[in-house]
Amino acid sequence: MYLIECIGVSVNRSIVSLFLLLSLTPSQVMGSSDLSTSINALDKAKVDPSIVKKIEELKERNLTLKTRPVFCPLNSSRSDVILNSIKNIEAIFKDDCLDGSQGTLDQVLTGAREIQDSINQSREAQGEDPITVPETDGLANTGISGEQMASLVNGLNTLFNKNKCSHLDDSSFLENSANVIQNFSQFGLYSPSPAGVSVAYGGLVVSSILKFINNLFEGRFDFKKDEDRLTFIKLNCSFYDVRIKMQEAGILDISTDAHYKDLAKIEELIVILKKLQGDIKISTSTINAQLESIRKSHVDAIGKERLKFFIPILDILEPLNSSSEVPVSAQRDIILDKLTFNYNLINSYVSDFINPTNGQRVSRQNRSLRDLLESIDEISHLDKVVELENSSDSAFNLYTKNLKYHFKRLLNEIDSQRSDASKELADVVINIEGRENLTFSKLDTLSKSGNGVKTNSQIDALLVELNQLKSKLLSITGKKEFTSENGADGADLRILEAHDKVINYIYGDYGKDFVDHMRKKSAKVNKLFIKDFKKFAKSNLDERGGYYHIKNIDDLTSDQVDKACVSAKNLRATWKYAQKWAEMGYDFLATNKDIFGETGSYVSNDRDKIFNNSQSAIFARRIISALKLQKKNQLEGSSEKVTVEWQGKTLSVAAAIDLLKDDYNYTLGESMLDIQMTRDHNGLLQSLYGQYRCDLRANYEK
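Residues numbered from 1 in each chain as written. Predicted model: local features only at pLDDT ≥ 70, side-chain atom pairs only at ≥ 80, totals over all residues. Heavy atoms only, no water.

**Observations regarding the packing of aromatic side chains**
Counted by the stated rule, this structure contains 12 aromatic pairs. Note on Phe309 and Phe310: the rings are 5.1 Å apart at their centroids and 80 degrees apart in plane angle, and the pair reads as edge-to-face. Phe310 shares its class with Phe309; the two are buried. Between Phe533 and Tyr548, the ring centres sit 5.5 Å apart and the planes meet at 80 degrees, which makes this aromatic pair edge-to-face. One end of the pair, Phe533, is in helix α20 (residues 509-540); the other, Tyr548, is in strand β4 (residues 547-550), and 15 residues separate them in sequence. A relative accessible area of 29% places Tyr548 in the partly exposed class. (Phe/Tyr/Trp six-rings, centres within 6.5 Å; stacked < 30°, edge-to-face > 60°. Buried < 20%, exposed > 50% of the residue type's maximum accessible area, 1.4 Å probe, protein only. Helix = DSSP H or I, 4+ residues; strand = E, 2+ residues; numbered from the N terminus.)

This is the structure we're talking about:
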């Protein structure tokens, strides 16, 4: 396959002549036409930009939410959190409120253990950590059946409905139930079959979770309690996760001509991308095969014959064994025959080691080997052969042990020779028409991390997106409306009913109460910040030209600096506290903005109040972004005009602020803007804290 054009490597004369030839590494080899074709194919491999554009257009027409809100509590990365949460619920019910439902509780706990075991077995089968929850697009990849999950959730729901015990006045049951739902809602719960018909148990799980969320929302929330706020957020986030699953499954969609056309385009693009991926794989395999061929020819060949010859000899150089079925004398004869019959070959392999050339000194180890070999030379040293043959068993065993050691020592040099040859092989030039200085190592890098690998990764990502779109469209186009073949299990109906009920809670009393609490709390804390800042400024800041300035630390006593540091730290925490309250309310509104809309009613109601808060939050967010851009332009000396777009109007920042204050009074958006307006005060406190090196003063000895 390869023509050696030039050979030139020198080795130590101590290496035998036969292996000198085998260890020579060619400086150049001629690459085959197949290799040249494959390299060119990998270099040119790329996904046509028009394909990427088509996929983006398909995604745009068939949007599916994917990004989970950042404020949502992270799911535990350990699957055992499900079982632990169930055990916590068991402890809650262990008091005096079971009322004959011990069997249901046992069933729930057993179900949790079975789910835990299913996850563990699935993960272990894949060779991965059994307690780490895998990221998955479907139940089938978790080892959990939809029936198991639905049964567990329904059991929790039954306990909650039938056992109104005193402990449920705490938040423990809600909190632990929310943990279970939060983890379950992240699995691929509702996935379509190839025919586009929803998998029954997937729908059963979704409807069970929604029903349970609904019942939990019917419980009591006290938003003054941190645990109740967190539980409400968890349930809200879980509902968001389920909405994504419903959207992926296309439960609310009806099939149109556009869906069928898009599905056909997706199938076509998948074929094109897989064809390109297959071509890349073939080219990469060709390159790898020829690299391996070069390596075997010029590295693995070193010492190959020596190993082949000596390994059978090493195998028989074992101590004489009196308990063997073969008599000791026969064992001795077998060993001696093997050694004496092969003496000439053995001597030729080791000659350059044991015989001095050009006055070179022979090492003590090689002199010992030379002496040992005389005992198997029947031509020149027959007397020593006879002496070995008649030696005692212990003396004979010592001889074979020493001989085996020296043979192994010489064979170990093969690894060193191969290592040297591998290093030299990296620089071997592979001659291919149209390419210069293409070395073995460069070609190896091209195969492992070059353009082909990068293009293949891009294709993988695009195929994931296409298959997600395909899954959704199959579900939509596979529906058979008004036929006996669809909806027999009623899963879609149960989902829609539960979905509507949960929306009523989020978009009703609890949603309004939650936003109101966040608004009032943030406004109250921000007013406290303003009040305390004025007191702080009077004692610790200079006011010049209508602006506050930090006092020179050299003009202050140590006690004055300490006092300013403590007050500044507390005030910074107060401002952050106000901001976080408003931020929590904003996150809730942003997460559910797809379900908040005007009712058109002339009577004030919870939904309109939530919608008003949602609109104000969006408006305030735009104003805040404009304020930041204004400040950036000011620092950079830019005169670019900054405006705010709102409901078809282009407003100046000042006009936008006035409009928000007029139209959205007592809303979360107003609180957000008020807090933003005090941001510069907090920034001044932060600068003071840094200039006075307040953190270091905590341990300062007076």
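**Details of the state of the cysteines**
The term disulfide refers to a covalent linkage connecting the sulfur atoms of a pair of cysteines. Inspection of the entire model under this criterion finds one disulfide. Here Cys565 is linked by a disulfide to Cys694, with a sulfur-sulfur distance of 2.0 Å. Handedness of the Cys565-Cys694 disulfide follows from its S-S torsion of about -75 degrees: it is left-handed. Separated by 129 residues along the polypeptide, Cys565 in helix α21 (residues 558-591) and Cys694 in helix α26 (residues 694-697) bring together distant segments of the chain. For Cys565, a relative accessible area of 7% corresponds to the buried category. Relative accessible area serves as the criterion here: at 6%, Cys694 is assigned to the buried category. (Disulfide = S-S within 2.5 Å.)

**Thoughts on a positive patch on the surface**
A cluster of basic residues, Lys576, Arg621, Lys628 and Arg679, forms a positive patch on the protein surface. Tracing the sequence through the fold places Lys628 in helix α22 (residues 606-636). On the basis of relative accessible area, Lys628 is assigned to the partly exposed category, the value being 44%. (Patch = residues over 30% accessible without salt bridge, like charges linked within 9 Å, V, L, I, M, F, W, Y side chains within 5 Å. Areas by Shrake-Rupley, 256 points an atom, 1.4 Å probe, with all protein chains shown as cover. Salt bridge = Lys/Arg side-chain N within 4 Å of Asp/Glu carboxyl O. Lys, Arg positive; Asp, Glu negative; His and termini not counted. Charge placed at Lys NZ, Arg CZ, Asp CG, Glu CD.)

**Here's the deal with the environment of Ile316**
Within the secondary structure layout, Ile316 lies in helix α11 (residues 304-316). Along the chain, Ile316 and Lys338 lie 22 residues apart, while their C-alpha atoms are 8.5 Å from each other.

**So, unusual backbone geometry**
The backbone of Tyr666 shows a phi angle near 60 degrees, a positive value even though the residue is not glycine. On the secondary structure map, Tyr666 appears in the loop between α23 (653-663) and α24 (668-677). Overall, the relative accessible area of 61% leaves Tyr666 in the exposed class. Unlike most non-glycine residues, Arg693 shows phi in positive territory, near 50 degrees. Residue placement: Arg693 occurs in the loop between α25 (679-691) and α26. Judged by its relative accessible area of 53%, Arg693 falls in the exposed class.

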